[in-house]
Amino acid sequence: MAASLVRRDKKSTAAHLKADLNWTDNSSGVRQLQELLDSVLNPEKPAADTEALDWCKCLIAGGEGFEEFCKTVRSYDNATLCGLVWTANFVAYRCRTCGISPCMSLCAECFNNGDHTGHDFNMFRSQAGGACDCGDSNVMRETGFCNRHRLRTGENVPSVPKDLLLMSEMVLPRFIICVIQYLRDGYTEPDTSTERDLQKVLQQLEPQISFLEELTKMGGAMRTVLTKILTNQQIFKDLSMGQEENVYAKKNYEKYLSALKNSGLVSVEEKAQSGAAEPTRGAEAGAGAGALGLLGAEAPASPDESNKEEDQDGGQSVGQRKRVKLSSTAKDPSIMDSLKHKCFLEELLFWTIKYEFPQKMVTFLLNMLPDQDYKITFTKTFVQHYAFIMKTLMKSQESDTMSNRIVHISVQLFSNEELARHVTEECQLLDIMVTVLLYMMESCLIKSELQDEENSRHVVVNCSEPLLKNNTYWPLVSDFINILSHQSVAKKFLEDHSLLMLWMSFVSFFQGMNLNKRELSEHVEFESQTYYAAFAAELEACAQPMWGLLTHCKVKETQEYTKTVVRYCLETLQIWFDAIGFVDEPAPNQVTFHLPLHRYYAMFLSKAVKCQGLDLDSLLPHQEMLMKIMVHPLQIQASLSEIHSNMWVRNGLQIKGQAMTYVQSHFCNSMIDPDIFLLQVCASRLDPDYFISSVFERFKVVDLLTMASVHQNAVLDGEQERPMLEGALTFLVILSSLRIHLGMADDEILRAEMVSQLCMNDRTHSSLLDLIPENPNPKSGIVPGSCSFEEMLSAVADFKAPVFEPGGSMQQGMYTPKEEVWEKEFDPIMVVLRTVYRRDVQSAMDRYSAFLKQSGMHTTGNPWPPYKERTPLHPCYKGLDRLLHCKTLHIVIFTLLYKIWLDHSNMSEHVLCMVLYLIELGLDNQVQEDKEDEEPCIEEHCHDSWFPGTNLLSNLHHVINYVRVRVPETAPEVKREKDPPPSTSAEAANFGQNVREAQVFSLVAERRRKFQEIINRSSTEASQVVRPKSSSTRWVPPGTPPQLVTEILEIRESMLSLLIKLHQKLSAKQNSLSATWLEDMETNSHAHGDGITAIERILTKAATRSRQSKRSIQEICGKVSPPVAPKKNSPTDKKTMDKDERRQRARERQQKLLAEFASRQKSFMETAMDVESPDAEAAMDLGASVVMESEVLYDCVICGQSGPSTEDRPTGLVVLLQASSVLGHRCKSDETKKLPTTDDEHIYPADTCGAAHDVRLALMQRFFKDSSCLQSVSIGWEGGVYVQTCGHTLHIDCHKSYMVSLRNDQVLQGFSVDKGEFTCPLCRQFANSVLPCRPGRSTEVVSWHMPTNKKTAVLVKEVEDLQEQLGLFPTESNLSKEMESVIKDIKNTTQRKYMDYGKNPGSPDNDFLFMYSVARTNLELELVHRGGNLCSGGASAAAKRSCLNQLFHVLAMHMRLYSIDSAYNPWTRLTQVAQRRDDCLDDERPEVPMLFRDCPSLLIIFVLTMPQPLRKEHFICLVRMLYNLQYTQALASLSAKFSPEERQAWSTSGALKKNAFDAEKSYDALLSHVIGELSKVKTVYDVNAEVPSMLSSSVWSPHSIEYSLQQFCLPYLRLSCLLQHHLYGDKLSGCPEVEEFSGLAGCLGLLAPALQPSNPIYSASCLDWTVNAFDLMTQWCSEVTGLSDTQAKKSITLLVQDPQWASPHLLHLPDHYNILFQYYHKKACTACKKVPKDPALCLVCGTFVCLKGLCCKQQGICECVLHSQHCGAATGIFLLINASVIIIIRGHRFCLWGSVYLDAHGEEDRDLRRGKPLFLCVERYRVLQQQWVSHTFDHINKRWGPHYNGL
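This is a predicted model, so every value here is computed, not measured.

The rules behind each value
All residue numbers refer to position in the chain's written sequence, counted from 1. The predicted origin of the model limits local features to residues at a pLDDT of at least 70 and limits the giving and counting of side-chain atom pairs to 80 or more, whereas totals for whole chains, interfaces and linings rest on all residues. The side-chain figures draw on all heavy atoms in the structure; neither hydrogens nor water molecules are used. A run of H or I in DSSP becomes a helix once it reaches four residues, and a run of E becomes a strand once it reaches two; helices and strands are each numbered from the N terminus. Relative accessibility under 20% of the residue-type maximum defines a buried residue, over 50% an exposed one, and the middle range a partly exposed one, all with a 1.4 Å probe and only protein chains included. Residue contacts follow a heavy-atom distance rule, with two residues in contact if any of their heavy atoms lie within 4.5 Å. Accessibility throughout is a Shrake-Rupley quantity obtained with a 1.4 Å probe, and a residue counts as covered only by protein chains that appear here. Should DSSP find at least two bridges between two strands, the strands are taken to pair. Between N-to-C directions, angles cover 0 to 180 degrees, with each direction set by a line fitted to C-alpha atoms, over the stretch in contact for helices. The span expected for a helix works out to 1.5 Å for each residue beyond the first. What makes a salt bridge here is a side-chain nitrogen of Lys or Arg within 4 Å of a carboxyl oxygen of Asp or Glu, nothing more. For classification, angles of less than 35 degrees are called roughly parallel, those exceeding 145 degrees roughly antiparallel, those between 65 and 115 degrees roughly perpendicular, and all remaining angles oblique. Handedness of a crossing is defined here by the sense of rotation of the near helix relative to the far one, left-handed for an anticlockwise turn of less than a right angle and right-handed for a clockwise turn. Note on patches: the residues involved have over 30% relative accessible area and no salt bridge, like charges join within 9 Å, and the nonpolar side chains Val, Leu, Ile, Met, Phe, Trp and Tyr join within 5 Å. His residues and chain termini do not enter the charge count, which takes Lys and Arg as positive and Asp and Glu as negative. Positions of charges follow a simple convention, taking NZ of Lys, CZ of Arg, CG of Asp or CD of Glu.

Visitor: Sorry if this is basic, but what is going on with the overall build of the protein chain here?
Guide: Within the protein chain one finds 78 helices and 28 strands. Within the protein chain, buried positions represent 57% of all 1847 residues. In the protein chain, the proportion of contacts linking residues at least 24 apart, taken out of those at least 6 apart, comes to 79%. Surface exposure of the protein chain reaches about 78000 Å², of which carbon and sulfur atoms provide 53%.

Visitor: Help me understand the pairing of strand β25 (residues 1789–1794) in this model?
Guide: Side-chain positions along a regular strand alternate between the two faces of the sheet. With five bridges connecting them, strand β24 (residues 1782–1786) and β25 associate as antiparallel partners. Residue Ile1783 lies in a different strand from β25, and its bridge partner there is Leu1792. The loop that links β24 with its antiparallel partner β25 comprises two residues; one of these, Gly1787, has a positive phi angle of about 65°. Alignment of β25 against strand β28 (residues 1841–1842), held across two bridges, turns out to be antiparallel. Directly across from Arg1789, in β28, lies its bridge partner Pro1842.

Visitor: What's the story with the sheet that holds β25 in this structure? I'm lost.
Guide: Note: strands within a sheet are paired through backbone hydrogen bonds, in either parallel or antiparallel orientation. Taken in spatial order, the six strands make up an open sheet running β22-β21-β23-β24-β25-β28, and their pairing is antiparallel. Either end of the sheet is taken by a strand with one partner, and the two such strands are β22 (1744–1746) and β28. When strand β21 (residues 1735–1738) meets strand β23 (residues 1771–1776), the two strands line up antiparallel, connected through three bridges. Of the residues in β23, the one forming a bridge with Ala1736 is Leu1776. Against the sheet, helix α77 (residues 1818–1829) makes contact with β23, β24 and β25, and its axis sits at roughly 155° relative to β25, the strand it touches most.

Visitor: Even after reading the chapter, I still don't get α77, so can you show me in this structure?
Guide: Helix length check: α77 (twelve residues) gives 16 Å between terminal C-alpha atoms against 16 Å at 1.5 Å per residue, within 8%. Here α77 has its buried residues at Arg1820, Tyr1821, Val1823, Leu1824, Gln1825, Gln1827, Trp1828 and Val1829. With its phi angle positive at about 60°, His1831 sits one or two positions after the end of α77.

Visitor: Would you explain the pattern of salt bridges in this entry?
Guide: A side chain with one charge may pair with a side chain of the opposite charge, provided their charged atoms come close. Following the criterion strictly, the structure yields 62 salt bridges and no others. Note that Lys1265 is salt-bridged to Glu1487, the shortest N-O span being 3.6 Å. Of the two residues, Lys1265 sits in the loop between α55 (1249–1263) and α56 (1266–1269) while Glu1487 sits in the loop between α64 (1466–1471) and α65 (1495–1505), which places them 222 residues apart along the sequence. The same class applies to Lys1265 and to Glu1487, which are both buried. The structure contains a network of salt bridges with shared partners spanning Glu869, Glu920, Asp924, Arg1097, Lys1101 and Arg1105.

Visitor: What exactly am I supposed to notice about helix α68 (residues 1563–1575) here?
Guide: Each α-helix winds once per 3.6 residues, and so residues spaced three or four apart point in a common direction. The terminal C-alpha atoms of α68 lie 18 Å apart, and with 13 residues this matches the ideal 18 Å at 1.5 Å per residue to within 8%. Of all the 13 residues making up α68, eleven are buried; the element is thus mostly covered by neighbouring parts of the structure. Listing the buried residues of α68 in full gives Tyr1563, Asp1564, Ala1565, Leu1566, Leu1567, Ser1568, His1569, Val1570, Ile1571, Glu1573 and Leu1574.

Visitor: Explanation requested: the packing of helix α35 (residues 688–698) against helix α36 (residues 718–737) in the structure shown.
Guide: Between two packed helices, what matters for the description is the angle formed by their axes and the separation of those axes. Look at α35 against α36: their axes get within 10 Å of each other, and the N-to-C directions meet at 140°. In this view, α35 runs oblique relative to α36, as classed from their interaxial angle. Crossing angle aside, the handedness with which α35 passes α36 is right-handed. For the pair α35 and α36, the contacting residues are Phe691, Ile692, Val695 and Phe696 in the first and Ala728, Leu729, Phe731, Leu732 and Leu735 in the second.

Visitor: How should the environment of Ala249 be read in this particular structure?
Guide: One can find Ala249 in helix α12 (residues 247–261). For the pair Ala249 and Arg184, spaced 65 residues apart in sequence, the C-alpha separation works out to 9.7 Å.

Visitor: Honestly, the pairing of strand β17 (residues 1280–1291) in this entry has me stumped. Any pointers?
Guide: Burial within β17 is extensive, with twelve of its twelve residues counted as buried. Of the strand pairs in this sheet, strand β16 (residues 1211–1220) and β17 are connected by nine bridges, and their pairing is antiparallel. Note on β17: the bridge partner recorded for Leu1213 is Thr1289.

Visitor: Help me understand a negative patch on the surface in this model?
Guide: Taken together, Glu64, Glu67, Glu68 and Glu214 make up a surface patch of like negative charges. Among the structural elements, Glu214 can be located in helix α9 (residues 195–216).

Visitor: Sorry if this is basic, but what is going on with the environment of Leu1056 here?
Guide: In this fold, Leu1056 is placed in helix α49 (residues 1055–1067). When the C-alpha positions of Leu1056 and Phe894 are compared, they lie 9.6 Å apart, and in sequence the two are 162 residues distant. Apart from residues lying up to four places away in sequence, Leu1056 is in contact with Leu956, His957, Leu1099, Ser1109, Ser1112, Ile1113 and Ile1116.

Visitor: Any chance you could explain unusual backbone geometry here in plain terms?
Guide: Glycine aside, residues mostly have negative phi, and peptide bonds are mostly found in the trans state. Of note, the phi angle at Asn906 is positive, near 65°, even though the residue is not glycine. Residues other than glycine seldom take positive phi values, yet Arg1052 does so here, at roughly 50°. Relative to the elements of secondary structure, Arg1052 occurs in strand β13 (residues 1044–1053). Looking at Arg1052, the relative accessible area reads 28%, which means it is partly exposed.

Visitor: What should I look at first to understand the sheet that holds strand β2 (residues 91–95) in this one?
Guide: Taken together, three strands build an open sheet; the order of strands is β3-β2-β4 and the sheet is antiparallel. Each of the sheet's edge strands pairs with one partner strand only, and the pair in question is β3 (106–107) and β4 (121–125). When β2 meets β4, the two strands line up antiparallel, connected through five bridges. Looking at β4, one finds that Arg94 is bridged to Asn122.

Visitor: Just to check I follow, could you spell out the packing of helix α27 (residues 497–508) against helix α30 (residues 596–611) for this structure?
Guide: Where α27 contacts α30, the two axes come as close as 8 Å, and the packing angle between them is 130°. Classified by the angle their axes make, α27 and α30 are oblique. Of the residues in α30, those touching α27 at Trp503, Met504, Val507 and Ser508 are Pro596, Leu597 and Tyr600.

Visitor: Can you help me understand the side chain of Arg1543 in this one?
Guide: Looking at the secondary structure, you find Arg1543 in helix α67 (residues 1540–1551). Residue contacts for Arg1543: discarding those within four places in its chain leaves Ser1535, Ala1536, Phe1538, Ile1571 and Tyr1581.

None of the figures reported here should be taken as evidence of function without further support.
Encoded structure:
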């Protein structure tokens, strides 16, 4: 039966079966169908056979066409979600205003159809793929839905008719099991197979899976059917095993079972090893065994790990397993087990994972998500397979791709809070995730070497494992962070204590990873880069989940959570201290930057106090624990200082990298900020003396803190002491003044961060966003605080819009701090904390001093960092102030002030600055408990009686008399008399006391001993480690140093007296502070200034806060300087004034010198560079323009000699030759063409100048003699050679040796010496040839310019004679050789196709045409540069460096070699009425009629072919004769535009004037004559009969005729005038545009000067006929009328020409980049019909090309390069659609030009990374266009590279 069905026609069979199945009793139909399917869907057939697929399509459609069926099903689509799935590189949108989840994304269609104006959105390129969330209110707000999904169009769809999907329900289950069987069959275990095998299976299954994907796209109705099939357990049971008799299916099923075996977390083999003697029963392996296998203490490490560490006993791995024992309490042990499958969906996912997530399968599974039932089942299935996914991922070779695919799926499931909560409750999602993460990290643990290397029991992750190096863990961590962002899930996590404990043990794997050991002897051989992995791991795996949890601990109600976390943190820390064997001293020369446990503890503490109102003390451990906690973060701070002091230099650069990363903006708020906060907490609770002495000990500068001038330091080299001391003091300042976690509000923090970044440098908006540490959950992208980022930015900064200098670099919009910010908010401490590079601190200070100078607040010397008032401390942290009021610190301060005053070694201004800062902080932050400080302090008599109490205010004025120091015998102190005799009894007592008094060292030691005792009391095992800590034993290194002796120094100073003495020292005046200065002080002047100001500020504060201090200050000042009667100008004042004045004068002199130097430099730049300044023209214009008696002298910029250019040793101009098509791209209208952005818009190139000239020449060549055609037009509109120079000259032989040296130079700049390219030795401008200067012949010059009174007729004759002279071949000389070579260069500059226009390429005629066209191109381009007319007169940037004179000379030399055959010489036809020649043979084509010829071309030909130099009178004669022709052409062209009636009218009205005396100069007589002559033959005007009606709707008046005649002749006059300017150096006089015609005519001598005044001039009055005008015109017209009919009909269009062209423009671009992007980024390439990877647009002509596209390569040249040759003669300007930048191709090089689209903050967005809306920047686009028109890309853009034809 089945066999017969198979043979029948598919469609009819399907229809027949469908009918059968619709009966009530359909058993026979069902049977038939099953039999049919058995034979059709036979998995033994190869998958590639598509027959089965065709059958399925037919059966499902039930006899209809499949396409029709799809349409029908789609009409029942009831989906309310978009759910469009995309893969990597798709362009999507994210709107933060509308998103509820940070992962929300929209497809372009939904985004553009929704309303997001004014929202915070961006476009992004998907990295892992994603799906559109439009319509899903769990993920985004409904206001953001697009029209289609907002209206929920899906809800009112009619219900699906029963029979429509009946067949699908029957056929699809069989189809799916068939696919699954293929997958089972194709799978082989990875150890036996290779990647390729799996790929092969997938390729064969491609059509089947695509078919499934197609089904999902049919909409809701079909998805419902699929969901039913995929999730139905019964169907799976029936089909999965395969039928009994089918051997093939059995075999498959067994393969499947064996694949399942290893899907649990613990593989079966491991279970067997682990001694759980359970028979492995495939899928039903015992659950208990699984759990034990992972966590049982008896399990050895996984096999690969035990091999690694065979040398150690198994103990370590056992220990490591023990520590994770907690996870055996996981509620659901099943995650350890092998999987069991109950439905198709589960098995499909299983194979998807096994095959490493093939893209098609992923897309299919995701396409189903809009179906709610499916979504829930699929999520559960995904969670069930989670552990298996992780195992597969760890084994995978392609873990990157796989990670992306996993996240592509998981982000769709877990971003939805409902769903996440559901699976958390039902499937233990959190347990699974944490266990899986733990398991993953356990695979790469090593023993920690921190602290006690031998006995450490702590294990850490090994950062060099691929798992960490390649970030393989990120999909899991990313999922974890994602689900923790949901409050309900996070709360579950925080309530589950066993989970928290598990998590803490996970975090402790990272505690102390990547340990650095300081290299002391050798430089490290191999610099490992593992630190990247370590920082990334801590940030992603520890910090981000922490921030996620913190987000949910914001309110009082969540106090319990915080308490729990803090409790577990402390427990885990204690475990860690025990494991590494830590007692009290950190191991020397070790540092790890990774202390995630400390940071968890710190951040939860901060949150508890700030947001939850908890009391700090309730969360803190006992003192001893605090001391331990403090050690490691403090070690990091000291190490930072050591690294910057070059003590770690032998560890290589990577250690600096770590120090920078630690404070870098993305890491600082998860690393250095919590560390410093934790230290602040410790400092506020521990004994301040203990804390301070620990700091100095950690920073290794205790030895330095002695009053003796010489000391020994056992641990530091001399040059390291100063930076380490500066580091310690700076750290103390930061510690006591930073308030980030101690009471600042979020807004204040944001403001402080922003100010500190802006003070370092002006910043762009995006870099500022990037530099401000974002808080808390990095995914949210929202900066916290009530005040938004933008408002804050506008409050503290001003926007500097980008400035454009042509030739300057492209600037971006920048933000710069407001003045009041510099004045009141600049905080150097915050800057120091946030700088990654030390130079940024300097930069901030420089900017600060510049501000002060500018605003006049502080003008002399370098200002010091300003002191800034702090936010008050939160009451919990008040204890921190005790740091500033402890004796130890005061002793240190006193000692340092003393040492600085005495100039001891290693003291610096920075040290003093920090010491003063600490004093000032102490004065500003008084400790509350103090009694009135005037009463004497009665303290317990301590053995360190340096100071009576701890209050800084009272200690300031306490005098210290004697100090005992220990110094080497060699020290200068020893030389003095041993004991100074006590003079009075009081002092003697004092002295005795001082002998007992200890100095700082033993003080530190005493303090340490005191606390050692505390520790000993509490822990017995510590007593063995107590080291004697007295100074003498502790710090003396073994070996040679001289014996230490104790000396007693007499000091007799207090801190105040030292400050006053330092004030004198700094101000370099004997008595800088008079006794009464305190009264005279104005208080406000103190905020900014240098050290002197700082000291005055401190003294004033001390005086105002304590009467005692005030008295002391006055007393000291009085002692130091005896009071003087207050005279107004005392001699000392005068002296100081003189000194100041002298300084002032010196400074003025220096300024003057600098200014002079700058102006010299500027004048050099003006002559050397292209700076627009008219004065430079005169200096630089070469040779010809200056009429001199002697020869012209040139300076050679290489050898520096000056001299004339001679035949033997010619001098040349440095020139750049480039082919240009700028002229060819000009259009008729001034309107710029728009770039098409829809399919309806187009650009037609037919109306461009280049195209018009090509058509004209081609037309001529059809009818006229070739040689004559080639002299009647110019080429070079496209691919013409443009010559430009920087104006510098050099000897040609010098140039040759220069080129040789460049060739040998190994460092190749961005040009190719082999192609003759070089840069001008003087101004470095790019060049590629040298143009020889002709030797100056001064004698002829004068006669050459003399005006003559010869009649025109005489001149005409002279010209004719001159033309008859044969061109002399120049004598062979160096000069002529060079000229030849330049001609060769010129020819090589452009492509052959732009030179060969003749019938026989390479003929002399062709060459001739090319040569004179070069001259034409350069003249025309100069006109364009002058703005298209000569109204502006003399100086213009382009004309200044003109080398046209030299160029003409070279071309003329070359062209004299061709003589024009006198029979065909146009001159005779111009000036004489010829007798009729009938000797013209019929077969030969006629010459081009004079009326069709191009006058400017003729002028250039004449000038270049006549003997040089040409006399000016002859030149003027040429111009006049050609003007006659040009005018006649104008009349003819005009007459062709008339309607026949108008022509008749003008003809008759003009005929009347023919006999008037001035008929030859009246336009109407001439016009009527031309009309009459041309009307003789009907063809002339008939051809155009249809056209004029359109052209002239207006009536022609005499005025409009005159205007159009002038316009027609203007281009010719402009060109002649410019030529005259270059040949004879005539000045071009400017004139208003209306008078341009008369101005030019006067300049060329066509108008007698008398005629020039105000009355309007007529173009006809410039005519100058040597023979009868009417006869000559008749002759010219007859050449046209004499043509045969066919020729005339076609060629007559040559008569109507319009020489006017608008200036060249680039295309007009849309204002919004998005318009352009949306249209072009999906546009298919015209060549290969695929969407290019890198599409680009030509901005000159709008062509769409593929950048680097291999599909469009021709002869190994990619499309952009090809197009640049075709469109711009090797210059191309392309906009890269996907990057928004412009690249320039110039010949064989290219460069990135920048972008003309900027965002709202004036910034480029290269590669569209930020995806913010971009807008056209008109100024930049203008600059680009200007560089294109002026051909200056090579000079202005510096970064060129070769493109090897690959663009």
